[in-house]
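Report on the structure
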Amino acid sequence: MRVSAFHNFCALTILVGVVICVPAWGQRQGVPPFPPSQGRINGHVRLPDGRSAGSGFLVLLEIRSGGTYGQVQTDSTGKFEFTNLSPDLYIVRIRQVGYRDTLEEVDLRTVSSAYVSLEVQPLNKENESVPVGGVVSVQQMAIPDNARKEYESGKELLINHKDYDKSINYFKKAVAAYPNYAEAYLGMGLAYTETKQWKEARAALEKAVAANDKDAGAYIALGGLANIQGKYPEAEQPLLRGLQLAPESPEAHFELARTYWAMGRWQDAEPHAAKAVQLQPNNAGAHILMGNILLRKRNGEGALHEFKESLRLDPKGPLAPATEKMVLKIEAAMKDAKHNQH
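Predicted, not measured: the structure shown is a model, and the values here were computed from it.

About the thresholds
- Residues numbered from 1 in each chain as written.
- Predicted model: local features only at pLDDT ≥ 70, side-chain atom pairs only at ≥ 80, totals over all residues.
- Heavy atoms only, no water.
- Pairing = 2+ DSSP bridges.
- Helix = DSSP H or I, 4+ residues; strand = E, 2+ residues; numbered from the N terminus.
- Axes fitted to C-alpha atoms, helices over the stretch in contact; angles between N-to-C directions.
- Phe/Tyr/Trp six-rings, centres within 6.5 Å; stacked < 30°, edge-to-face > 60°.
- Buried < 20%, exposed > 50% of the residue type's maximum accessible area, 1.4 Å probe, protein only.
- Expected span 1.5 Å × (residues − 1).
- Contact = heavy atoms within 4.5 Å.
- Polar contact = N/O pair within 3.5 Å; in protein donor to acceptor, adjacent residues only side chain to side chain.
- Salt bridge = Lys/Arg side-chain N within 4 Å of Asp/Glu carboxyl O.
- pLDDT = per-residue confidence, 0-100.

Describing the sheet that holds strand β3 (residues 68–73)
Spatially, four strands are ordered β3-β2-β5-β6 in an open sheet, and the strand pairing comes out antiparallel. Taken across any chain shown, the strands that pair with only one partner, and hence form the sheet edges, are β3 and β6 (102–107). In this sheet, neighbouring strand axes are inclined to one another by 20° on average, regardless of whether the strands run parallel or antiparallel. Of the pairings in the sheet, the one linking strand β2 (residues 58–63) to β3 comprises five bridges and is antiparallel in character. Following the sheet pairing, L60 is matched in β3 by Q71.

In structure tokens:
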């Protein structure tokens with residue numbers, strides 16, 4: 001296709017919708033990577049002595065063919081659950097500071113549900129390095145039971161019931177009982193973000209960083225908040241720090257790509273958008289952003305593919321009408337270019 005064939009539409013872009021992550025708590029809100037079904041995976045994480053692992057262990061659900069479907073944390077009894085899964089091969093991976101990664105493959109192609117019991121093994125501190133952020137496990141041990149109880153109640157209201165105002169009250173009780181409770185400040189910041197209380201959200205997220213400066217989620221949430229407010233230059237540094245702590249975070253790559261795109265730095269945005277698509281192929285917004293970048297590169301066929309993929313993932317989303325119009329424009333330009341070649 002001739003470059004000139006794109007001049008009529010290469011400057012048109014689709015605004016990527018706001019996406020705020022809930023790090024390590026729930027499956028990313030938005031469109032699932034495939035049509036939802038009744039598939040379910042639940043399980044239990046245990047310590048070597050047979051006791052339940054308790055809350056706070058990160059559980060990743062990966063698609064065997066590539067990409068991460070979502071992530072949750074174990075509840076107070078060490079249990080977790082993923083729902084609305086389609087038939088596929090999955091990998092359940094337990095990841096926690098101070099422990100070896102533990103994983104198990106789950107096949108939902110012939111059954112609709114599966115239960116897994118995984119035992120985590122602590123690292124041998126003499127022979128194995130502890131990941132960045134090892135201080136987290138020490139902090140977790142210091143949290144009193146009453147503070148943890150308030151935090152768990154707030155998390156339940158935030159993630160499962162979307163009752164943001166009530167969740168804030170529980171998070172406030174948690175930090176009153178334990179002023180250095182980083183996770184509670186993070187939950188409070190996310191709840192304030194959902195209710196558009198920007199000043200309060202920033203204050204809470206900054207306290208989360210102060211309480212645990214090795215928590216990538218707090219930095220990513222700060223960057224996401226700045227993106228929501230259109231303060232893109234302020235988003236760059238916390239997102240870069242978040243990526244330094246969690247190089248494989250799809251949310252961090254996506255948010256940083258949005259930051260650079262909004263600042264007119266599309267060349268800087270490209271590798272992060274591509275990584276976001278690779279790590280989280282179910283993110284329709286990442287495909288739209290990648291499509292916009294490919295348009296700037298005069299790659300119409302690539303852009304068309306990305307926009308169509310976003311429509312497949314989110315056919316009734318708020319960006320779908322604009323995406324459909326863009327698809328029609330690209331297809332018309334490609335048709336004209338092909339006609340002019342003859």
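Describing the packing of aromatic side chains
Per the counting criterion, the structure on display carries five aromatic pairs. Ring geometry for F80 and F82: centres 6.3 Å apart, planes at 65°, overall edge-to-face. Taken individually, F80 and F82 each receive the classification buried, so the pair is uniform in this respect. With a centroid separation of 5.9 Å and an interplanar angle of 75°, the aromatic rings of Y178 and Y181 are classed as edge-to-face. In this structure Y181 comes out as buried when scored by relative accessible area, which is 1%.

Comments concerning helix α10 (residues 284–296)
The terminal C-alpha atoms of α10, which comprises 13 residues, lie 19 Å apart, in line with the 18 Å expected from a rise of 1.5 Å per residue. In terms of residue burial, α10 counts as a mostly covered element, since 12 of its 13 residues are buried. All of the buried residues in α10 are A284, G285, A286, H287, I288, L289, M290, G291, N292, I293, L294 and L295. Packed against the buried residues of α10 are α8 (250–262), α9 (266–279), α11 (300–313) and α12 (320–340). Between a side-chain oxygen at the N-terminus of α10 and the backbone nitrogen of G285 the separation is 3.0 Å; the capping residue is N283.

So, the sheet that holds strand β1 (residues 39–46)
Reading across the sheet, the three strands line up as β4-β1-β7 and stay open at both edges, with mixed pairing between neighbours. Each edge of the sheet is formed by a strand with only one pairing partner; in this case those strands are β4 (79–85) and β7 (113–119). If you compare each strand with its neighbour and ignore which way they point, the axes differ by 15° on average. As paired elements, β1 and β4 share five bridges and run antiparallel to each other. When the bridges of β4 are listed, N42 appears paired with E81.

Looking at the environment of L186
Locating L186 in the fold gives a position in helix α4 (residues 182–194). For L186, a relative accessible area of 4% translates into the label buried. Through-space distance from the C-alpha of L186 to that of V209 is 8.5 Å; in sequence the pair is 23 residues apart.

Section: the pattern of salt bridges
Pairing between side chains of opposite charge can happen when their charged atoms approach one another. Following the criterion strictly, the structure yields 15 salt bridges and no others. In this structure, K275 and E248 form a salt bridge, with 3.6 Å as the shortest nitrogen-oxygen distance. Remark: E248 occurs in the loop between α7 (232–245) and α8 and K275 occurs in helix α9; sequence separation between them is 27 residues. Since its relative accessible area comes to 48%, E248 is described here as partly exposed. One salt-bridge network, in which partners are shared between bridges, spans E62, R93, R95 and D101.

Looking at the confidence of the model for the chain
Predicted confidence across the chain gives a mean pLDDT of 82, with 83% of residues reaching 70 or more. Note on residues 1–12: pLDDT is under 50 here. Beyond four places in sequence and across chains, it has 21 contacts. Low pLDDT (under 50) marks residues 125–137, which in the prediction has 18 contacts with non-local residues, meaning those over four places away or in another chain.

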